[in-house]
Amino acid sequence: MAGPGERPASDRRLILCIAIGQLIGWGTLFSAFPLFGAPIEAELGWTRTEFNAGLTLALLVSGLAAVPAGRWVDRRGGRWLLALGGWGGAVLLAAWSQTSSLPVYWAIWAGMGLVQAAALWAPAMAVVVKLAREPVRAITGITFVTGFTATVFVPLTAMLIELWGWRDALLVLAGLQAIPGVLALWLLPPDQPQAGVRDGGSFDLGRAMRTPAFLGLAGALAAHAFIGVGLGAHAIPLLRERGLPEASVIALVSLHGPFQVAARAALFALGRRVTMRGVGRLASALLPVAMLLLAVAPPEFGWLILYILAWAMADGLMTIVRAAGVAEILGREGYGAITGALSAVTVLPRTLAPVLIALISEGAGGYGPVPWLLAGLGACGAACFALAAAQRSR
């Protein structure tokens, strides 16, 4: 293991730690969430909006805590932050399994927001950029693994709920969520405060946030976040509403991961022949295309798989752009604070997505208008990324 403040001799331990931690974290704290809606609503009598408000609270708190978490990684490192965040998620999943109170459920998911800010994508990528010898290759390697999150956790969670009920399924997920904290302490080098950074250094976050490049990235990532979070919470009931068999619904959602990985494998093979600016332009352009396919495709597996393919490619590539593209366009100085600020800027669309889509579907008597809304947001996001990509690195 590398000594304090040193880069590891190889990125393999770092990639292993972050990849497994993010796979489990996103699987237990996000991808599995919509599967609990139907059984909880049936047992406890909550409405769809009340249930999705839990995820909304988590996203709000996560966005507000993102900048402090990013600054923490910049100044002190992320080993203990990732460990405590992982264990906090395990405790809260176990607490959720024991409650029947709606206010307690909301309080648990408010706590989940702190866990997400500490343990999920932005702080993890800040750790990678800080420690990796080859950050872009490390990030791409990590996303090969995390691309299978839905593929693993959607069918796994569905099976657990069917076999043992939603409460025991949550306890199993809580046990899995304890693993990332152990990996962080075992595989990451000890945290070491950085000289000259403890008190903020010379980096001016406010100035960076006023640049056209930051504003363009914020707009593009906000559109992607709304679409991703909204579909994460509603894709399964939306596809069920189309009249597809349950096996087809689960298969379509599960294929998102392999298609993501295929897109990332193509990017890895292209190597230095492409830039993150070019990748971001392609990915952001695919977003509205995917949503239009969802809007117009007939309710048949063969047609809807085209939507999954386009959406997974866009989502998979934008995940890499969100990490490596930010460094390419905005630079690496203050990377943790910048990525935290981008997460904070996207807090409103991330917060609104699950509840707004639920309200639209309830008001319209179905999900019919939702794909058209997402297509319009995707087109706005593509325009914003084009603005950011046109700027020079600072």
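Residues numbered from 1 in each chain as written. Predicted model: local features only at pLDDT ≥ 70, side-chain atom pairs only at ≥ 80, totals over all residues. Heavy atoms only, no water.

> Tell me about the overall build of the chain, and name the residues and values.
A tally of regular secondary structure across the chain gives 18 helices and zero strands. The C-alpha radius of gyration computed for the chain amounts to 20 Å, which stays within 12% of the reference 21 Å derived for 394 residues, consistent with globular compactness. Along the first, second and third principal axes, the C-alpha set of the chain runs to 55 × 45 × 35 Å. Looking at the chain as a whole, 56% of its 394 residues are labelled buried. A separation threshold of at least 6 residues defines the contact pool for the chain, and within that pool the share at least 24 residues apart is 85%. Entry remark: accessible area of the chain is about 15,400 Å², with carbon and sulfur atoms responsible for 67%. One finds the centroid of the 27 positive side-chain charges in the chain at a distance of 12 Å from the centroid of its 19 negative side-chain charges. (Helix = DSSP H or I, 4+ residues; strand = E, 2+ residues; numbered from the N terminus. Rg over C-alpha atoms; globule rule 2.2 N^0.38 Å. Buried < 20%, exposed > 50% of the residue type's maximum accessible area, 1.4 Å probe, protein only. Contact = heavy atoms within 4.5 Å. Areas by Shrake-Rupley, 256 points an atom, 1.4 Å probe, with all protein chains shown as cover. Lys, Arg positive; Asp, Glu negative; His and termini not counted. Charge placed at Lys NZ, Arg CZ, Asp CG, Glu CD.)

> Account for the environment of Pro369, with residues named and values stated.
Structurally, Pro369 can be placed in the loop between helix H17 (347-364) and helix H18 (370-389). What makes Pro369 partly exposed here is its relative accessible area of 38%. Placed 74 residues apart in sequence, Pro369 and Ala295 show a C-alpha to C-alpha distance of 8.2 Å. Once residues within four sequence positions are removed from consideration, Pro369 is found in contact with Ile360 and Ala364.

> Could you give an account of the pattern of salt bridges, naming the residues involved and the relevant values?
All told, the structure shown has three salt bridges when counted by the stated rule. The salt bridge partner of Glu246 is Arg240, with a shortest N-O separation of 2.8 Å. Residue Glu246 is classed as partly exposed on the basis of its relative accessible area, which comes to 38%. (Salt bridge = Lys/Arg side-chain N within 4 Å of Asp/Glu carboxyl O.)

> Account for the packing of helix H14 (residues 276-296) against helix H15 (residues 301-330), naming residues and giving values.
Running from N to C, H14 and H15 cross one another at 150°; their axes reach a closest spacing of 7 Å. As judged from the angle between their axes, H14 and H15 are roughly antiparallel. In the crossing of H14 with H15, the sense of the turn from one axis to the other is left-handed. Within the contact of H14 with H15, the residues separate by chemical class into 23 nonpolar, three polar and two charged. (Axes fitted to C-alpha atoms, helices over the stretch in contact; angles between N-to-C directions. Parallel < 35°, antiparallel > 145°, perpendicular 65-115°, else oblique. Left-handed = near helix turned anticlockwise from the far one by under 90°. Nonpolar A, V, L, I, M, F, W, Y, C, P; charged D, E, K, R; others polar.)

> Can you lay out the nonpolar core for me, pointing to particular residues and giving the numbers?
Ranked by size, the top nonpolar core spans 66 residues in total, and within it Phe36, Trp96, Trp109 and Met291 carry the most contacts. The element that contributes the greatest number of residues to this core is helix H12 (residues 212-241), accounting for eight residues. Beyond its immediate chain neighbours, meaning those up to four positions away, Phe36 contacts Phe51, Trp96, Thr157, Ile161, Trp166, Ala169, Leu170 and Leu173. Ranked by size, the runner-up nonpolar core spans 59 residues in total, among them Leu14, Leu183, Met276 and Val279. (Core = buried A, V, L, I, M, F, W, Y, C linked by side-chain atoms within 4.5 Å.)

> So what's going on with the packing of aromatic side chains? Residues and values would help.
Here the structure, examined in full by the defined rule, presents nine aromatic pairs. Note on Phe33 and Trp96: the rings are 6.2 Å apart at their centroids and 35° apart in plane angle, and the pair reads as tilted. Note that Phe33 is positioned in the loop between helix H1 (12-31) and helix H2 (37-44) and Trp96 in helix H4 (residues 79-97), a separation of 63 residues in sequence. A relative accessible area of 2% places Phe33 in the buried class. Seen in terms of ring centroids, Trp96 and Tyr105 are 5.8 Å apart; in terms of plane orientation they differ by 50°. Their pairing is tilted. For the pair Trp96 and Tyr105, a shared accessibility class is recorded, and that class is buried. (Phe/Tyr/Trp six-rings, centres within 6.5 Å; stacked < 30°, edge-to-face > 60°.)

> Talk me through helix H13 (residues 246-270); I want residue IDs and the actual numbers.
The first and last C-alpha atoms of H13 sit 37 Å apart over 25 residues, in line with the 36 Å expected at 1.5 Å per residue. His256 marks where H13 bends most, by close to 25°; the proline Pro258 follows one to four residues later. Positive backbone phi, at 55°, marks Gly271, one or two positions downstream of H13. (Expected span 1.5 Å × (residues − 1). Bend = angle between axes of the 7 residues up to and from the residue.)

> Outline the environment of Gly63, supporting the account with residue identities and numerical values.
By secondary structure assignment, the location of Gly63 is in helix H3 (residues 48-76). Taking relative accessible area as the criterion, Gly63 reaches 2% and is therefore assigned buried. It is 9.1 Å that separates the C-alpha atoms of Gly63 and Gln116, two residues lying 53 residues apart in sequence. Dropping the residues within four chain positions of it, Gly63 is found in contact with Ser343, Ala344, Val347 and Arg350.

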